Amino acid sequence: MQTELKTVIWFETLSRGDVALVGGKNSSLGEMVQQLGAKGIQVPPGFATTSDAFREFIRANELNALIADTMEDLAAHKITLQEAGSSIRTAIVKGDWPEASRAAIVAAYHELSERSGHSDIPVAVRSSATAEDLPDASFAGQQETFLNVRGEAALLAACSRCYASLFTDRAITYRQIQGFDHNQVALSIGVQRMVRSDIGGSGVMFSIDTETGFDKVVLINAAWGLGENVVQGAVNPDEYMVYKPLLNQPDLVPIVEKTLGAKEKKMIYAGRTGGDIKNVPTSRAERASFVLNDAEILELGRQAATIEDHYGQPMDMEWAKDGETGELFIVQARPETVQSRADTGAMKSYTIKEAGPVILKGLSVGAAVAAGRICLIEHASDIDRFVDGAILVTSTTDPDWVPIMKRAAAIITDHGGRTSHAAIVSRELGLPAIVGTGIATHVLHDEQEVTVDCSGGDAGLIHAGIAEYEVEELRLDHVPETRTRIMLNLANPSAAFRWWRLPSEGVGLARMEFVVNSAVQVHPMALVNYDTLPDDEVKAQIAELTQAYDAKPEFFVETLARGLSRICAVAYPKPVIIRMSDFKTNEYAELLGGHAFEPKEENPMIGFRGASRYYSPRYREGFALECRAIKMLRETMGFDNAIVMIPFCRTPEEADRVLEVMAENGLARGENGLQVYVMGEIPSNVIRADEFAERFDGFSIGSNDLTQLTLGIDRDGEELADLFREDDPAVIWMIKTLIERAHAAGAKVGLCGQAPSNDPAFARLLVEAGIDTISVTPDSFLAVKTHVADAES
Ligand code: PEP
Ligand code: MG
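Residues numbered from 1 in each chain as written. Chains lettered and ligands numbered in written order. Predicted model: local features only at pLDDT ≥ 70, side-chain atom pairs only at ≥ 80, totals over all residues. Heavy atoms only, no water.

Asker: Which residues make up the side chain of Arg418, and what are the values?
Answerer: Mapped onto the elements, Arg418 comes out in the loop between strand E18 (410-413) and helix H13 (421-429). For Arg418, a relative accessible area of 1% corresponds to the buried category. Residues in contact with Arg418, not counting those within four places in the same chain, are Thr210, Glu211, Leu219, Asn221, Glu239, Leu363, Ser364, Ala423, Arg427 and Asp458. (Helix = DSSP H or I, 4+ residues; strand = E, 2+ residues; numbered from the N terminus. Buried < 20%, exposed > 50% of the residue type's maximum accessible area, 1.4 Å probe, protein only. Contact = heavy atoms within 4.5 Å.)

This is how it looks when you write it as structure tokens:
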């Protein structure tokens, strides 16, 4: 058939070298069918029309002259862009198919139907422009896709409309800006068997983290029904992330993120026979459940890794799940274009200094901050109203919006996930964006001053008013080597990937309570005792948060394990020291449902805190959930680089009791390589260091509490702030003595308190005292590294 006219080429005979013939999208589908089928990648079968066929269509209908003349008239301002586009599109849609092309397309369609064992099967008809694969790649996808097309007549009509879509107003504008000749571009059509994702699900995935470029994870977005809603950002999809290096170990489940999306609607077939599609609202049950199960998430992760490996670069893919057979398909793959071109020698770090209240939240895109006035635009037809440099607020965006997105300082949308059009274009333009807020167009208004804050991880915050913020550039090209190992204190799991390029020796302190606060939000005892909770409103809130989980405590275990796993992932296989929860009672009480389970204390800082809670009947069951989360993290997910640390351990006898409770919960020190550290933050830890050293693998000095308790000064108080000095001789004595005694007993010692982060010169003193590791906040990492290198030489 393909010898006839070279109108049609089957995917299995195409490869990535055929871009000029069938465009980037179709050549890539062919490449995968040819090369990756044996490696488990399924691409729905189909064929592509060639760019020659397009040219033949234009020639046979004598459209070259029309196109050239219309463009000349447009350039001479004799007609408007809308008139130019519309007259060319109409001429194309009215054009006749050259007989040879028509016959070839129809024959291929029948063969495709036969291969599937049916007649007139539904197909997806996609455009693949042959000049599409150019630097501004996300501006690709400007041409149209038609889903659920059935029968010869409908297929040919869809094909003509694909051709016509090469002359949408935005495509013409785009070529004018880029300086492409309108008669040089061509279009290839991909005709592909429909995957029954209308009754399954579909979405987009990237083989790296889209926000940070972290190259060890796959990001997957998923929604019910056909995939267009995810691509366009018309729904807020589920978000999953898998950790690639552990994917091929059969017993592990390295899913480091699983967030339920609202999935407000789904795109389905409009009729059984007539073809076409429509959007319908999703059911309550659909909104409350994940589109993919764990096995499917892992399988897609593996497929993304396989495709990335094959192409030798980060990839951006669309996938679909057939609701009839349960099979997973890849329906598109193209190179990722933003992170793979980013400057890796430097990192910008944004810190909010002072900001108004948070008025709205969504998903953050990028890590930047921008402040300014809002310009709220509901319809693309109103884009003339846009004010340069304003913050664009809209429901969703599509390629028509790109011209004003380019002029915006930041973008806020109601709908869409991290792989939506708005997110992809914002990222490419280097703008902060907050997508999927749900209600931005209802609660924000024109001219309102706001700050768009993407500096804090997954959650993008919109603050009222113009905030004060700092931008710091960290250069990574000349980081000195040090013998003392410099680690990171990481708090927010959703921001952890930001720091993957820092050459740290792991994470010296991950405070579990921060993860509980940001991700879990519920007091563990309130989950254990959910049925008997007195407050109905609290129960309703907990029910909402835990809707995707069978048992309430599982929500705590899984959410905590996943939050911690993102911190472990950024360092793996280097160690990550996870400290069990160390809230004070007043802080635990603030967790959802917490008040019922916490005593009121005059001095929570020296109260029911740390080790004492873990074996107490008041919290023991809560601690058991913490232990289960660590077990899941280490054994189910595979992050065996996690080390456990016990905070505020007052006596060796307490240490024994805690270690016993841990062992009862499946975390015996030494088993499966589990190391257990203790904080060195109470004078008793120093005075009885040899006894603690017998019970633990190492110490990490908490200079914050150690200073508080050595000098007797409230660490948070303002009155005596001047006297609160970690370099006070008494505190220095404590630190040096602990290092000496621990080393004498064969235990390792690090420091994870705030002192060296606040004052990098403090690190010199630690080096001189022979410390093994220093753990600091990421923004001070380079300064500390430099001071340590100096001190060592
Ligand atoms: C410390 O006390 O120095 C420490 C690191 O722990 P936290 O600040 O969490 O009490
Ligand atoms: Mg402390």
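Asker: Could you give me a rundown of the site of ligand 1, with the residues and numbers involved?
Answerer: Surveying the vicinity of ligand 1 reveals 13 residues, the closest of which are Arg511, Arg579, Gly702, Asn704 and Arg715. At 2.8 Å, a side-chain N or O of Arg579 approaches an oxygen atom of ligand 1. Here ligand 1, which alone exposes 280 Å², has 97% of that area covered by the protein. Of all elements in the fold, only strand E24 (507-511) and helix H25 (703-711) reach the threshold of two or more residues within the shell around ligand 1. Ranked by the residues each element gives to the shell around ligand 1, the list is headed by H25, at three residues. (Near = heavy atom within 4 Å. Polar contact = N/O pair within 3.5 Å; in protein donor to acceptor, adjacent residues only side chain to side chain. Areas by Shrake-Rupley, 256 points an atom, 1.4 Å probe, with all protein chains shown as cover.)

Asker: Tell me about the pattern of salt bridges, residues and numbers included.
Answerer: Applying the stated criterion to the full structure yields 44 salt bridges. Note that Arg475 is salt-bridged to Asp477, the shortest N-O span being 2.8 Å. For Arg475, a relative accessible area of 39% gives the class partly exposed. Accessibility expressed as a relative area gives 43% for Asp477, which makes it partly exposed. (Salt bridge = Lys/Arg side-chain N within 4 Å of Asp/Glu carboxyl O.)

Asker: Describe the confidence of the model for the chain, with residues and values.
Answerer: Averaged over the chain, the pLDDT score is 93; the fraction of residues at 70 or greater is 97%. Counting interchain partners and residues more than four positions distant, the pLDDT-below-50 stretch residues 132-140 has 21 contacts. (pLDDT = per-residue confidence, 0-100.)

Asker: Before we move on, could you go through the nonpolar core and cite the residues and values that matter?
Answerer: By size, the foremost hydrophobic cluster in this structure holds 108 residues, and its most contacted members are Ile578, Ile646, Met662 and Phe699. Residues contacting Phe699, with those up to four places away along its chain left out, are Tyr677, Val678, Asn685, Ala689, Phe692, Ala693, Leu738, Ala742, Ala747, Lys748, Val749 and Gly750. (Core = buried A, V, L, I, M, F, W, Y, C linked by side-chain atoms within 4.5 Å.)

Asker: Pulling in residues and values, what's your account of the sheet that holds strand E8 (residues 238-243)?
Answerer: Spatially, six strands are ordered E9-E8-E7-E6-E12-E13 in an open sheet, and the strand pairing comes out antiparallel. Looking at strand neighbours, the two that pair on one side only are strand E9 (255-259) and strand E13 (328-335), the edges of this open sheet. The average undirected angle you get between the axes of adjacent strands in this sheet is 15°. As judged from the six bridges shared by strand E6 (residues 201-206) and strand E12 (residues 315-321), these two strands associate in the antiparallel manner. Residue pairing in the sheet places Val204 in a bridge with Glu318 of E12. Of the strands in this sheet, E6, strand E7 (217-224), E8, E9, E12 and E13 touch helix H11 (residues 294-311), which is tilted by about 140° from E12. (Pairing = 2+ DSSP bridges. Axes fitted to C-alpha atoms, helices over the stretch in contact; angles between N-to-C directions.)

Asker: Provide a residue-level description of the sheet that holds E18, including the pertinent values.
Answerer: As a general point, the strands of a sheet are linked pairwise by backbone hydrogen bonds and lie either parallel or antiparallel. In space, the seven strands of this closed barrel follow the order E15-E19-E18-E17-E16-E20-E21, with mixed pairing throughout. Between one strand axis and the next, the sheet turns through 35° on average, direction left out of account. Taken together, the two bridges between E18 and strand E19 (residues 433-435) define a ladder with parallel strand orientation. Looking at E19, one finds that Ile411 is bridged to Ala433.

Asker: Describe the coordination of the magnesium ion (ligand 2), and please don't skip the residues or the numbers.
Answerer: The protein atoms that coordinate the magnesium ion (ligand 2) are Glu681 (OE) and Asp705 (OD), at distances of 2.0 Å. Linking Glu681 in the loop between strand E27 (676-680) and helix H23 (683-687) with Asp705 in helix H25, this pair joins segments that are 24 residues apart in sequence. Note on Asp705: relative accessible area 2%, which makes it buried. (Donors = N, O, S within 2.8 Å, 3.2 Å for Na, K, Ca; no water.)

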